[in-house]
Amino acid sequence: MDLVGHHSGINSINVSEDSNLVGTASKDGCWKLYDINIRYQAGQEPKCILSVDVGEPVDHIVVNNERKMVAVATGSELRFHRIKDGGLIERIKLPEKCRRMQWSPDGTLVLLMFEKFVGTYKTK
């Protein structure tokens, strides 16, 4: 199974909790969401269902199917987007470039690992 469509290197990949969606973050300034709930044996291929250009390289992506949103980190911002249309929910200025990110187990917080500390961010 190949996830195609980026024009530059991929920085991050994340699978939704139900394993139906995969998010990718790229140096090309886009994040993409793929539907991988397919019948691979029948020759079906994953479909890119959403592509959002944020205007700068995207370092990390995490998909939260339950809350129907995606969180992406660029060098300067944390952004929350709706899964249904890619619309921006919220934008938060980051103190520095994060090294890793993930949703909390209950899906209410995004945890970001920075050089010497961990930041927690809650969506509105």
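The shown structure was predicted, so the numbers you read here are calculated from the model rather than taken from an experiment.

Conventions adopted
- Residues numbered from 1 in each chain as written.
- Predicted model: local features only at pLDDT ≥ 70, side-chain atom pairs only at ≥ 80, totals over all residues.
- Heavy atoms only, no water.
- Pairing = 2+ DSSP bridges.
- Helix = DSSP H or I, 4+ residues; strand = E, 2+ residues; numbered from the N terminus.
- Axes fitted to C-alpha atoms, helices over the stretch in contact; angles between N-to-C directions.
- Buried < 20%, exposed > 50% of the residue type's maximum accessible area, 1.4 Å probe, protein only.
- Contact = heavy atoms within 4.5 Å.
- pLDDT = per-residue confidence, 0-100.
- Phe/Tyr/Trp six-rings, centres within 6.5 Å; stacked < 30°, edge-to-face > 60°.
- Polar contact = N/O pair within 3.5 Å; in protein donor to acceptor, adjacent residues only side chain to side chain.

(A) How the structure looks around the sheet that holds strand E11 (residues 118-122). Reading across the sheet, the 3 strands line up as E9-E10-E11 and stay open at both edges, with antiparallel pairing between neighbours. Two strands lie at the open edges of the sheet, namely strand E9 (100-103) and E11, each paired on one side alone. Within this sheet the neighbouring strands show an average axis-to-axis angle of 20°, counted without direction. Pairing geometry for strand E10 (residues 109-113) and E11, over 5 bridges, is antiparallel.

(B) Looking closely at the sheet that holds strand E5 (residues 58-64). Strand order in the open sheet formed by 4 strands is E5-E6-E7-E8, and the pairing between neighbours is antiparallel. The open sheet has two edge strands with one neighbour each: E5 and strand E8 (88-93). Geometrically, the sheet is characterised by an average inter-axis angle of 15° between neighbouring strands, direction not taken into account. When E5 meets strand E6 (residues 69-74), the two strands line up antiparallel, connected through 6 bridges. Each bridged residue has a counterpart across the sheet, and for Val 63 the counterpart in E6 is Val 70.

(C) Structural view of the environment of Cys 30. Take Cys 30: it is sitting in strand E3 (residues 30-35). Residue classification places Cys 30 among the buried positions, given a relative accessible area of 12%. The spatial distance from the C-alpha of Cys 30 to the C-alpha of Val 58 is 6.5 Å, given a sequence separation of 28 residues. Apart from residues lying up to four places away in sequence, Cys 30 is in contact with His 6, Thr 24, Ala 25, Ser 51, Val 52, Asp 53 and Val 58.

(D) A look at the confidence of the model for the chain. Here the chain averages 89 in pLDDT, while 96% of its residues score no lower than 70. The least confident element of the chain, judged by mean pLDDT, is strand E1 (residues 10-15) at 91; the most confident is strand E7 (residues 77-82) at 96.

(E) Expanded view of the packing of aromatic side chains. Tallying each qualifying case throughout the model produces 2 aromatic pairs. Between Phe 80 and Trp 103, the aromatic rings sit 6.1 Å apart at their centres with planes inclined by 45°, giving tilted as the arrangement. Of the two residues, Phe 80 sits in strand E7 while Trp 103 sits in strand E9, which places them 23 residues apart along the sequence. Per residue, the accessibility class of Phe 80 equals that of Trp 103, and both read buried. Arranged with centres 4.6 Å apart and planes meeting at 25°, the rings of Phe 114 and Phe 117 form a pair that is stacked. Here Phe 114 falls in the buried class, since its relative accessible area comes to 2%.

(F) Focus on the side chain of Ser 16. Positionally, Ser 16 belongs in the loop between E1 and strand E2 (21-26). For Ser 16, the side chain forms a polar contact with the main-chain nitrogen of Asn 20, separated by 3.4 Å. Excluding anything up to four places from it in sequence, Ser 16 contacts Leu 21, Val 63 and Asn 65.

(G) Broad picture of the side chain of Glu 77. Take Glu 77: it is sitting in strand E7. A relative accessible area of 14% places Glu 77 in the buried class. Dropping the residues within four chain positions of it, Glu 77 is found in contact with Glu 56, Val 72, Arg 91, Ile 92 and Leu 94.

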